Amino acid sequence: MTLAKYVAKRLLQAIPTLIGVVLFMFILIRMLPGDPARLIAGIEATEEDVERIREILGLNRPLYVQFIDYMKDVFTGDLGTSIRFGTPVIGEIMERLPYTIQLALVSEFLAVILGVPLGIMAALRPYSARGYLATVFALIGSSMPIYWMGLMFIYLFSVRLKWLPSSGADSPSSIILPALTLSLLLMGNLMRITKASFQEVLGENYITTVRAKGLSERIVIYRHALKNASVPIITIMGIQLGTLLGGAILTETVFAWPGLGTLLIDAISYRDYPLIQGIVIVFATMFVLINLIVDVIYAIIDPRVREQLWAAEE
Amino acid sequence: MGGRGVKVSTSGIGDIQAKIREAKRAARRRALYKFRANKGAVAGAFILGFMLVLAVLGPYIAPEDPYAFDLRRKLEPPSWDSPFGRDELGRDILSRIIVGARYSIGIALASVFLGSVVGVFLGLVSGYYGRVVDSIIQRITDVLLAFPIIILSIALIAVMGVGVTNLVLAIGISTIPVYIRLVRGLTLQAKSREFVIAARAMGKSGFYIMRKHILPHVLPTVIVQSSYYLGFTILIASGLGFLGLGVKPPTPEWGAMLGSGRTYLFSYPHVVTFPGIFILLTALAFNLVGDGLRDALDPRAGAYRR
Amino acid sequence: MDGETLLSVRDLRVYYHLPQGVVKAVDGVSFEVRRGEVLGIAGESGSGKSTLISAIMGLVSPPGRIEGGQIIFEGRDLTKLSPEEYRRIRGKDIAMVFQDPVTYLDPLFTNGFQIAEVYEAHEGVKPKKALDRAVQVLKMVRMADPERRAHSYPHQLSGGMRQRVLISMGIAARPKLLIADEPTSALDVTIQAEIIELLMDLKRDLGMTVLFVSHDLNLLAEITDRIMVMYAGKIVEIGPTREVVNNPQHPYTEALLGSFGFERKKKYPAIKGYPPSLITPPPGCRFHPRCPKAFPECSKREPHLIEIKPGWRAACLLHES
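Residues numbered from 1 in each chain as written. Chains lettered and ligands numbered in written order. Predicted model: local features only at pLDDT ≥ 70, side-chain atom pairs only at ≥ 80, totals over all residues. Heavy atoms only, no water.

## With respect to the sheet that holds strand β3 (residues 38–42) of chain C
Residue and element names in this part refer to chain C. With respect to topology, eight strands assemble into an open sheet ordered β6-β7-β8-β3-β9-β10-β12-β11, the strand pairing being mixed. What marks the edges here is a single partner per strand, and that holds for β6 (94–97) and β11 (306–309). Strand-to-strand twist of the sheet, defined as the mean angle between neighbouring strand axes without regard to direction, takes the value 25 degrees. Inspection of the sheet shows strand β10 (residues 234–240) paired to strand β12 (residues 312–314) by two bridges, in the antiparallel sense. Within β12, the position partnered with I238 by the bridge is R313. Sitting on the sheet, helix α7 (residues 189–206) is in contact with β3, β7 (177–181) and β8 (209–214), with an inclination near 155 degrees to β8. (Pairing = 2+ DSSP bridges. Helix = DSSP H or I, 4+ residues; strand = E, 2+ residues; numbered from the N terminus. Axes fitted to C-alpha atoms, helices over the stretch in contact; angles between N-to-C directions. Contact = heavy atoms within 4.5 Å.)

## Some details on the packing of aromatic side chains
Centre-to-centre distance and the angle between the planes together describe a pair of aromatic rings. For the coordinates displayed, the defined rule picks out 17 aromatic pairs over all chains. Between the aromatic rings of A:F26 and A:Y70, the centroid separation amounts to 6.2 Å while the plane-to-plane angle is 35 degrees, which identifies the pairing as tilted. Of this pair, A:F26 sits in helix α1 (residues 3–30) while A:Y70 sits in helix α4 (residues 63–75); the two residues are 44 residues apart in sequence, bridging distant segments of the chain. Across the pair, exposure class does not vary: A:F26 and A:Y70 are buried alike. Relative to B:Y229, the ring of B:Y179 has its centre 5.6 Å away and its plane inclined at 55 degrees; by these criteria the two rings are tilted. With B:Y179 in helix α6 (residues 164–191) and B:Y229 in helix α8 (residues 206–242), this residue pair connects regions lying 50 residues apart in the sequence. (Phe/Tyr/Trp six-rings, centres within 6.5 Å; stacked < 30°, edge-to-face > 60°. Buried < 20%, exposed > 50% of the residue type's maximum accessible area, 1.4 Å probe, protein only.)

## A word on the interface of chain C and chain A
Contacts between the two partners involve 26 residues from chain C and, on the opposite side, 21 residues from chain A. Carbon and sulfur atoms supply 61% of the area that chain C and chain A bury against each other, a total of about 2,200 Å² over both sides. Three residues stand out in chain C for area buried against chain A, namely C:Y104, C:L108 and C:E117, and they jointly supply 27% of the buried area on that side. The tally of links between chain C and chain A comes to three salt bridges. Between C:E120 and A:R223 there is a salt bridge; the shortest N-O distance is 2.7 Å. At the junction of chain C and chain A, the tally comes to 15 residue pairs in polar contact (both at pLDDT 80 or more). (Buried area = accessible area lost by both parts, 1.4 Å probe. Salt bridge = Lys/Arg side-chain N within 4 Å of Asp/Glu carboxyl O. Polar contact = N/O pair within 3.5 Å; in protein donor to acceptor, adjacent residues only side chain to side chain.)

## Digging into the interface of chain A and chain B
Contact residues are listed per partner, giving 42 residues for chain A and 38 residues for chain B. Put simply, chain A and chain B have zero salt bridges between them. Counting every contact that joins chain A to chain B gives seven residue pairs in polar contact (both at pLDDT 80 or more). Elements represented by at least two residues in the side of chain A that touches chain B include exactly α1, α6 (129–141), α7 (146–160), α8 (176–202), α11 (241–255), α12 (260–269) and α13 (273–301) of chain A. The element best represented in the side of chain A that touches chain B is α11(A), accounting for eight residues. Among the residues making up the side of chain A that touches chain B, the classes are represented as 32 nonpolar, nine polar and one charged. (Nonpolar A, V, L, I, M, F, W, Y, C, P; charged D, E, K, R; others polar.)

## What about the packing of helix α3 (residues 93–129) of chain B against α8(B)?
In helix packing, the relevant descriptors are the interaxial angle and the interaxial distance, both defined with respect to the helix axes. All names here are of chain B. Following both chains from N to C, one finds α3 and α8 inclined at 145 degrees, their axes separated by 8 Å at the closest point. Here the hand of the crossing between α3 and α8 comes out right-handed. Taken together, the residues of the contact of α3 with α8 break down into 21 nonpolar, six polar and no charged. (Left-handed = near helix turned anticlockwise from the far one by under 90°.)

## A closer look at the pattern of salt bridges
Within this structure, the stated rule accounts for 32 salt bridges over all chains. Put simply, B:E22 and B:R25 hold a salt bridge, and the shortest N to O gap is 3.1 Å. Of this pair, B:E22 and B:R25 both sit in helix α1 (residues 13–37), separated by three residues, roughly a single helical turn. Judged by its relative accessible area of 37%, B:E22 is partly exposed. A residue is classified by how much of its surface remains accessible, and B:R25, at 40% relative accessible area, is partly exposed. A salt bridge links C:R65 to C:E67, with the nearest nitrogen and oxygen atoms 3.6 Å apart. A relative accessible area of 28% places C:E67 in the partly exposed class. One network of salt bridges, with partners in common, ties together C:E4, C:R35, C:E74, C:D93 and C:K176.

## What to know about the packing of helix α10 (residues 217–239) of chain A against α13(A)
All names here are of chain A. Contact geometry for α10 and α13: axes closest at 10 Å, N-to-C directions at 170 degrees. Regarding the angle of α10 to α13, the classification is roughly antiparallel. Residues K227, S230, V231, I234, T235 and G238 of α10 form the contact with α13, whose participating residues are N291, V294, I297, Y298 and I301. The residue inventory of the contact of α10 with α13, partitioned by class, reads six nonpolar, four polar and one charged. (Parallel < 35°, antiparallel > 145°, perpendicular 65-115°, else oblique.)

So, in structure tokens, the structure goes:
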């Protein structure tokens, strides 16, 4: 078993879940009370409009045929047609997706480069003010309504200090405030876990071995302790991905960031159900895929996990 | 076979029951003591108590009618007359926050209650009966867990529409799968323990065993998890309110107040400052209490944190 | 070359400052190690022998602190060195073999890499470039199939093989002094014998001086030139192995010898009672509460190391009266 094979196997395993996701959304949309076509079109719509929508959604055929057709479409990349724009849903999504990915990546990056070193510092001096700060910071971070914090940032940095743009994605500096906001959501927990796992790892016997060989403290900490502590840190990052994606929707709305989140909120206010369906499916797919990536990273870091997984897969 | 407690003489059943009661009382006292020793948890409990008072007595202690608008006084900054200032319709923000407590906190409590009751039940059934029941429940859980909680809630609201009941349903349903996973794992653990094996050997029914033996084993973890979820749910509910996907407009839910007030952020920041502080404080209080409960109820986690 | 002093410890005191009080783990210990000899250090857990070797390795960390005394190695007082100077000695001139092969190897790095790190520490070569030298060392410790083992991870090896990896790290830089901390206590009896033989052969081939720490006095009797017995942070007896073993001068040494006999399986000596608290040690002789030969004077006066014969000393009031 190789890494590539393992990844392929995990991808195959993800397919039933993704089919389930599509089925769930399909049923959910069909659960709208009344005639879905009429509901989607709105009360002012003409009978032709309603008929057009019925045609688009294939509502005049048996339910299971509708589902199989929809499934086929989804797996060939066709997520239907947006009612509001009259364009393919997939096109709308693809236009916005890069912004969301960019925001998520920059935030995660900020959270890691700030949270991990701060956590390490706190672990090396557990009884200092810094150690205490990490705990308090983590607690406040996980209790903070980030949309509110985003608003406070806008007031401080855009309205008062006039340093940074408050909304949109027009200049390169536009991403700073939304990314900072979203990263603070992740940073608290990341710091806490980094601190806890570092303290645990630094007490391990193999760390004494590294010191006894005469290696410098830099190598003790950044090679051996960091690699061993990274397993729980990555676990937390994996668990937080849902928070990251959910937080992205709120953050995008606060800063009018043109990503999938703002598209979703717009779609809801226009009752653009094919678009809503498509965006939610894309979010769920991203979530499933990133979780898969986290599992693969485990296997790369820890030879024991690697062997266990591969033995289980054989 | 685990034969713990086999050497019980028949004469002293009453004694033993009294001893068990005494041991339980002692355990409760110990937990309470540990909780009290945790300063953060006590502070959290105080904040929560305060918020609950607001939630219960809201309309009676609010200085003004939270719905009465007065456009001549719109967006007035904080003053002696209205300590938190007035919103875009001239309503007293302090009064709205006080009355809003019952919505924000009520929604969190109700949705966590819904999610935990359904999730615990399905988790118990799934873990205890195994086989087909388990596979079906687990496949559905897999699918629901593929959605981040906020996104699942948004999708449900998008279909069901806004309103207090729908908000509770949406958030409650979104938390069910997490409870199922948690409780199923704990149930599998408990199933292999002597007290369950013994009860099964005695021919007790499945529901009896689940209620009498497994539920008490599962409950401490569920309680700790729920107190964290309450903090999380406050944030999600107010987040949905902020997005305009929460309660219907005049309702003074804190997140909705932020959402409708954010247009005025540039010139009148007080409109969004105060509701946010209350959301933060409430979520913080739930998390502090959660930490305290974890240390007090879960000996393993407590030992780990020492 | 033999007989010259390699390491000299003078009045060493190492204390741990805990919230409950000060633990005097090593409390005024003085001894010398001669070049080329094998010195055994015996004692129960809690006797201070582990703290003593951490102090020699320069690995005492808070809440522990060296309170006083000197550790003179080849004429230099190690307690006066800067952290960087100490680092250059550690693993090169003074190296260590740890006791538990399971927990002392980093699970996430290959065995070869972990051995090659010794060359990184002292010669500045990247570990990946020194892998073939790691394989050479594995050959020296008689590891079967050394190339493959160098590329495998610790969890893929048996306990005995892991111990060989730990020994490889110890000898990789050809140290002058090798400290072996119970290197066989976690192993099966047959493998124990192999490892001991290996260590003794390596000692001879590389011309090392060895400090061998164990709670098993009978094992030390077979392989050491001299034995030092510690109890509650102090030396109670030190002398030539043959003399100490055949005619122990301290009741504790006697007890340690008796408690083992041929029952190697027993992990801890069967002396009645427990080692004393080092925060509030018993007054007088620290062993007196457990000593079968104790008399009233023992709880009042602290015994000093008294010379029995040249090079043989014991701290017991039986010899002072």
